[in-house]
Amino acid sequence: MKTLHLICTAALLAGSATALAHGSQPHENPANMAADAMTVKEQKPWGIAGDAEAARRTITLDMSDDMRFTPAHISVRLGETVRLRVANKGQTMHEIVLGTPASLDEHAQLMLRFPTMEHAEPYMAHVSPGKVGELVWNFNRDGSFDFACLIPGHYQAGMRGTITVTP
Ligand SMILES: [Cu+2]
């Protein structure tokens, strides 16, 4: 069941990559409609893409080659739109991906199986060594969530953190 779902997800990702490569017929290709739909804000269990103008607070996280986020825990208020600035203090590529433990586990397994897989969503930021990345997220669901670096090996080495969203 799990395996089947992973394969389907990979097929979907491959399909949309192909659509982007051959995007000359915007209204005839159902795959292009899927690509268009990706620009619409999608509600996730851990929140929704935020508007930069709505961000009243910036939280800065450091990412390091010892596979740690600092801080490894952040707290936000329900409904808050936060700008997350992620500074890569290391010599290798790192990323931050927000999610639930289950969504991150699943995504990490995909990354292991398809290491060159391109992924880009509003709830993630890939940051080159020495650079600072940013994402804006609206935490409109309360609960406990996770963030992680899903680069193969990093997640498995414990490059994760937690987010508490309180009403
Ligand atoms: Cu990393």
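Preceding block: the structure.
First things first, this report covers the structure right here in the doc. Just so it is clear, the model here is predicted, and its values are computed rather than measured. (Residues numbered from 1 in each chain as written. Predicted model: local features only at pLDDT ≥ 70, side-chain atom pairs only at ≥ 80, totals over all residues. Heavy atoms only, no water.)

Each pair of aromatic rings is reported with the distance of its centres and the angle of its planes. Under the criterion given, the structure shown has 3 aromatic pairs. Seen from their ring centres, Phe69 and Phe147 are 4.9 Å apart, and the 85 degrees between their planes marks the pair as edge-to-face. Highlighted residues: Phe69 in strand β3 (residues 68–70) and Phe147 in strand β9 (residues 143–148), separated in sequence by 78 residues. Taken individually, Phe69 and Phe147 each receive the classification buried, so the pair is uniform in this respect. Arranged with centres 5.9 Å apart and planes meeting at 75 degrees, the rings of Tyr123 and Trp137 form a pair that is edge-to-face. Taken together, the residues span a long stretch of sequence, with Tyr123 in the loop between α3 (101–113) and β7 (124–127) and Trp137 in strand β8 (residues 132–138) at a distance of 14 residues. Residue classification places Tyr123 among the buried positions, given a relative accessible area of 10%. A relative accessible area of 1% means that Trp137 is categorised as buried. Among the aromatic side chains, those forming a connected cluster through ring pairs are Trp46, Tyr123 and Trp137. (Phe/Tyr/Trp six-rings, centres within 6.5 Å; stacked < 30°, edge-to-face > 60°. Helix = DSSP H or I, 4+ residues; strand = E, 2+ residues; numbered from the N terminus. Buried < 20%, exposed > 50% of the residue type's maximum accessible area, 1.4 Å probe, protein only.)

Further remarks concern the nonpolar core. Core analysis: the biggest nonpolar cluster contains 37 residues, and Ile96, Leu98 and Ile163 have the highest contact counts within it. With 4 residues, α3 is the largest single contributor of residues to this core. Each residue touching Ile163, except ones within four places of it in the same chain, is listed here: His73, Ile74, Val76, Leu98, Phe139, Gly143, Ser144, Phe145, Asp146 and Phe147. (Core = buried A, V, L, I, M, F, W, Y, C linked by side-chain atoms within 4.5 Å. Contact = heavy atoms within 4.5 Å.)

What follows covers the coordination of the copper ion. Bound to the copper ion are the protein donor atoms His94 (ND1), Cys149 (SG), His154 (ND1) and Met159 (SD), situated 2.0 to 2.8 Å from the metal. One can describe the site at the copper ion as irregular: its 4 donor atoms subtend angles covering 88 to 139 degrees at the metal. Expressed as a motif, the donor residue spacing for the copper ion is H-x54-C-x4-H-x4-M. Of the two residues examined, His154 and Met159, each falls in the buried class. (Donors = N, O, S within 2.8 Å, 3.2 Å for Na, K, Ca; no water. Tetrahedral: all angles 85-135°; square planar, octahedral: opposite > 155°, others 65-115°.)

Of note, Glu80 is situated in the loop between β4 (73–77) and β5 (81–88). On the accessibility criterion, Glu80 (17% relative accessible area) is buried. Of note is the side chain of Glu80, whose polar atom sits 2.8 Å from the side chain of Arg57. Of note is the side chain of Glu80, whose polar atom sits 2.9 Å from the backbone nitrogen of Arg77. With near-sequence residues (within four places) excluded, Glu80 lies in contact with Arg57, Trp137, Asn138 and Phe139. (Polar contact = N/O pair within 3.5 Å; in protein donor to acceptor, adjacent residues only side chain to side chain.)

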